[in-house]
Amino acid sequence: MASGESLVTGMSLLLVVVFTRYALPATKVMTFELFIFYFLATVLVAAAVMVVTIRNPVKAALFLVLAFFTAAGVWILLEAEFLAITLVLVYVGAVMVLFLFVVMMLDVNLVRLREGFGEYLPIGGAVAVLLALEMIIILGRPRFGLQQMAQPAGHPADYSNTRELGRVLYTVYVYPFEIAAVILLVAMIAAMALALRRRKDSKYQDPRQQVRVVREDRVRLVKMAAEKNRTKE
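Attention in this report is confined to the structure presented alongside it. Just so we're clear, the structure is a prediction, and the values are computed from it rather than from any experiment.

Notes on a nonpolar patch on the surface
Part 1 of the argument: Nonpolar side chains collect at one region of the surface, where Trp75, Leu78, Phe82, Leu83, Ile85, Leu89, Val90, Tyr91, Val95 and Leu165 lie side by side and expose about 880 Å² of accessible area between them.
Part 2 of the argument: If one sorts the elements of the nonpolar patch by residue count, helix α4 (residues 81–105) sits on top with 7 residues.
Part 3 of the argument: What makes Trp75 partly exposed here is its relative accessible area of 35%.

In structure tokens:
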């Protein structure tokens, strides 16, 4: 199992090298920003592969946290600080913590999870290589090179990504944003309605009856005759 995971991780890192060599624009000077990008991309791909290949769900969740952190670093390189901090706070700080609690509370059969890994490994590897080749062909230099898409100009130090994102979101895309909010609200109400439906075999309490309760309904005074203590024989 460990050798299979190491093989998949090595193949993924090799695909990263091939992608950066043939798909990305050629640069003669290795800048610090480009080095950081290559480092984060390598860690991100390796962590994503470990999430899929590792059989322990807790370790897989921890590798997914690592993938989220490295993805946030890539967002910061793209000057999208708001998306980066949202990714860390929402997914790492809330969703992944809840997922870890659920996984740790469930009794997962790890032996059963390991079954069939070697059987489906060739098919999964072939699909991964095919997807990587498609990305290289589509996102290659002839279509997304510096000649077709020039590098965007840098922003000044007082540039606020959050302000610009809010301006575009609440002006240009205000109607799609409101429609998405209404759809999510309807989905939340439907989920609560399905979860709170009354069942015959479920026990529930009526708050109205609890508020209207009086002392006579809960307390009953019983008069009993006093008994004399029995003397020891």
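On we go.
Structural notes on the nonpolar core
Grouped burial of nonpolar side chains is what soluble globular proteins tend to show.
Part 1 of the argument: In terms of nonpolar packing, the biggest core is built from 11 residues, these being Ala61, Val65, Phe68, Ala71, Ala72, Ala84, Leu87, Val88, Val92, Met96 and Leu100.
Part 2 of the argument: Elements that contribute at least two residues to this core include exactly α3 (57–77) and α4.
Part 3 of the argument: Ranked by residue count, the leading element in this core is α4, at 6 residues.
Part 4 of the argument: In this view, Met96 contacts Ala61, Leu64, Val65, Phe68 and Tyr91; residues no more than four positions away in its chain are not counted.

Things to note about α3
Part 1 of the argument: Along its 21 residues, α3 runs 30 Å from first to last C-alpha, staying within 8% of the 30 Å computed at 1.5 Å per residue.
Part 2 of the argument: Taken as a whole, α3 has its buried residues at Pro57, Ala60, Ala61, Val65, Ala67, Phe68, Thr70, Ala71, Ala72, Gly73 and Val74.
Part 3 of the argument: Taken from the residues just after α3, Glu79 is the one with a positive phi, measuring 60 degrees.

Some remarks on the side chain of Asn161
Part 1 of the argument: Mapped onto the secondary structure, Asn161 falls in helix α8 (residues 161–169).
Part 2 of the argument: You can call Asn161 buried: its relative accessible area is 15%.
Part 3 of the argument: Reaching out from Asn161, the side chain makes a polar contact with the backbone oxygen of Glu79 at a distance of 3.2 Å.
Part 4 of the argument: Setting aside its immediate chain neighbours within four residues, Asn161 contacts Glu79, Ala80, Glu81 and Phe82.

A few points about the packing of helix α2 (residues 32–53) against α3
Part 1 of the argument: Between α2 and α3, the shortest axis-to-axis distance is 8 Å and the interhelical angle comes to 155 degrees. Judged on the interaxial angle alone, α3 and α2 are roughly antiparallel. Classified by chirality, the crossing of α3 by α2 is left-handed. Across the interface between the two elements, Glu33, Ile36, Phe37, Leu40, Val43, Leu44, Ala47, Met50 and Val51 from α2 touch Ala60, Phe63, Leu64, Leu66, Ala67, Thr70, Ala71, Gly73, Val74 and Leu77 from α3.
Part 2 of the argument: Residue composition of the contact of α2 with α3, grouped by class: 16 nonpolar, 2 polar and 1 charged.

Points about the packing of aromatic side chains
Here a ring pair, both rings aromatic, is described through the centre-centre distance and the interplanar angle of the planes.
Part 1 of the argument: For the coordinates displayed, the defined rule picks out 3 aromatic pairs.
Part 2 of the argument: Measuring from ring centre to ring centre gives 5.9 Å for Phe37 and Tyr38, while their planes differ by 50 degrees; the resulting arrangement is tilted.
Part 3 of the argument: Take Tyr38: its relative accessible area is 22%, and that puts it in the partly exposed class.
Part 4 of the argument: Note on Tyr170 and Phe177: the rings are 5.2 Å apart at their centroids and 70 degrees apart in plane angle, and the pair reads as edge-to-face.

Parameters at a glance
- Residues numbered from 1 in each chain as written.
- Predicted model: local features only at pLDDT ≥ 70, side-chain atom pairs only at ≥ 80, totals over all residues.
- Heavy atoms only, no water.
- Patch = residues over 30% accessible without salt bridge, like charges linked within 9 Å, V, L, I, M, F, W, Y side chains within 5 Å.
- Areas by Shrake-Rupley, 256 points an atom, 1.4 Å probe, with all protein chains shown as cover.
- Salt bridge = Lys/Arg side-chain N within 4 Å of Asp/Glu carboxyl O.
- Helix = DSSP H or I, 4+ residues; strand = E, 2+ residues; numbered from the N terminus.
- Buried < 20%, exposed > 50% of the residue type's maximum accessible area, 1.4 Å probe, protein only.
- Core = buried A, V, L, I, M, F, W, Y, C linked by side-chain atoms within 4.5 Å.
- Contact = heavy atoms within 4.5 Å.
- Expected span 1.5 Å × (residues − 1).
- Polar contact = N/O pair within 3.5 Å; in protein donor to acceptor, adjacent residues only side chain to side chain.
- Axes fitted to C-alpha atoms, helices over the stretch in contact; angles between N-to-C directions.
- Parallel < 35°, antiparallel > 145°, perpendicular 65-115°, else oblique.
- Left-handed = near helix turned anticlockwise from the far one by under 90°.
- Nonpolar A, V, L, I, M, F, W, Y, C, P; charged D, E, K, R; others polar.
- Phe/Tyr/Trp six-rings, centres within 6.5 Å; stacked < 30°, edge-to-face > 60°.

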